[in-house]
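A look at the structure
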Amino acid sequence: LGGFGSIAAGSGGLVYVAGLNGLSIIDTATGESEVIPVGVGYATHVAVGDDGSIYFTGYQHDPETGSGDDYLSVLDADRNRTVPHVQLAHHHTHQITGLALGPDGRIYITSYGNGGQDAVLTILDSNGSVDSTISLSGEMPIGVAVDSDSTAYVIGSGRVVAVDSTGPIGTVRTDWALTASPVGIAIGPDGLLYVAVSNYSAQMNSISVLDPTDLVE
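Overview of the structure. The residue count restarts for each chain, going from 1 along the sequence in the order it is written. A pLDDT threshold of at least 70 governs which residues receive local features in this predicted model, and a stricter bar of 80 or more applies before side-chain atom pairs are shown or counted, although totals over entire chains, interfaces and linings include all residues. The side-chain values count all of the structure's non-hydrogen atoms but skip hydrogen atoms and water molecules.

This paragraph deals with the environment of Leu 75. On the secondary structure map, Leu 75 appears in strand S7 (residues 68-75). With a 1.4 Å probe rolled over the protein chains alone, any residue whose accessible area is under 20% of its type maximum counts as buried; one over 50% counts as exposed, and the rest are partly exposed. Its relative accessible area of 2% is what places Leu 75 among the buried residues. Separated by 20 residues in the primary sequence, Leu 75 and Tyr 55 have C-alpha atoms spaced 6.6 Å apart. By definition in these notes, contact holds between two residues if any of their heavy atoms fall within 4.5 Å. In this structure Leu 75 touches Ile 36, Ser 53, Ile 54, Phe 56, Asn 80, Arg 81 and Thr 82, once residues within four positions along its chain are discounted. Secondary structure follows DSSP: runs of H or I at least 4 residues long count as helices, runs of E at least 2 residues long count as strands, and numbering of each begins at the N terminus.

Next comes the structure, spelled out in structure tokens:
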């Protein structure tokens, strides 16, 4: 796969992987795969809608200037591009770190720059237009998941922050050590948060199951 940035599961046993070679789609039943190239650059994050639409972010490199930008693009289930490249940020100053879909079709993207001081949660409508931008100043977001009430849960800086349309509303109570860091997050059909946690000092990885309603200030 040439390395990957994120992975998502779709219907029919399909698995979607964002990576250096582009966007890989793997049929787990047959083992067959296809790669959707993304031009001069690579795909970084991927999410799949209930209708089979594919949402992905990527990095597009400009060989002439040596710089590049992060972007969002959307394909329908037939691999037709329904949303053209939406430029999100200049890669060298602001990096995309997470992508999730809301229950109403909106797109949630975490990013940060300037050592976390410019961290934001950007919410776009299904056409790729920015609906709102919520400051996460001081955080170092590395992932996001969205529940059925459109509350976003952002991981980073050793914690899980709940965010609604007004901004951060609290931190989800956790039981991991101070030396542990969340590295991935998903919401299960039971509404609970499943967080991959890496404890570098103990050289141990684990999954924490958290109650999203158990918030602390």
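Paired strands, as defined in this entry, are two strands with at least two bridges between them according to DSSP. Taken in spatial order, the three strands of this open sheet run S17-S18-S19, and their pairing is antiparallel. A strand with exactly one partner marks an edge of an open sheet, and here the two such strands are strand S17 (180-187) and strand S19 (204-210). Strand-to-strand, the axes of this sheet are offset by a mean angle of 25°, without reference to chain direction. Of the pairings in the sheet, the one linking strand S18 (residues 193-199) to S19 comprises seven bridges and is antiparallel in character. Considered in S19, the bridge of Leu 193 is made with Leu 210. Only the stretch in contact is used when fitting a helix axis, every axis being a line fitted to C-alpha atoms; angles between N-to-C directions are given from 0 to 180 degrees.

On the basis of which strands lie adjacent, the open sheet formed by five strands has the order S13-S14-S15-S16-S20 and antiparallel pairing. Looking at which strands have only one partner, the edges of the open sheet turn out to be strand S13 (141-146) and strand S20 (215-216). Relative to S20, strand S16 (residues 167-172) runs antiparallel, the two sharing two bridges. In the sheet register, Val 172 faces S20, and the bridge partner there is Leu 215.

Moving on, we get to the side chain of Asp 147. Summarising the element assignment, Asp 147 is placed in the loop between S13 and strand S14 (152-156). In terms of polar contacts, Asp 147 uses its side chain to reach the backbone amide nitrogen of Asp 149, at 2.9 Å. The term polar contact refers here to a pair of N or O atoms within 3.5 Å; inside protein, the definition further demands a hydrogen-donor-capable atom paired with an acceptor-capable atom, and it admits residues adjacent in sequence only when both atoms are side-chain atoms. Engagement of the side chain of Asp 147 in a polar contact is seen with the side chain of Tyr 153, the distance being 3.3 Å. Residue contacts for Asp 147: discarding those within four places in its chain leaves Pro 103, Tyr 153 and Ile 187.

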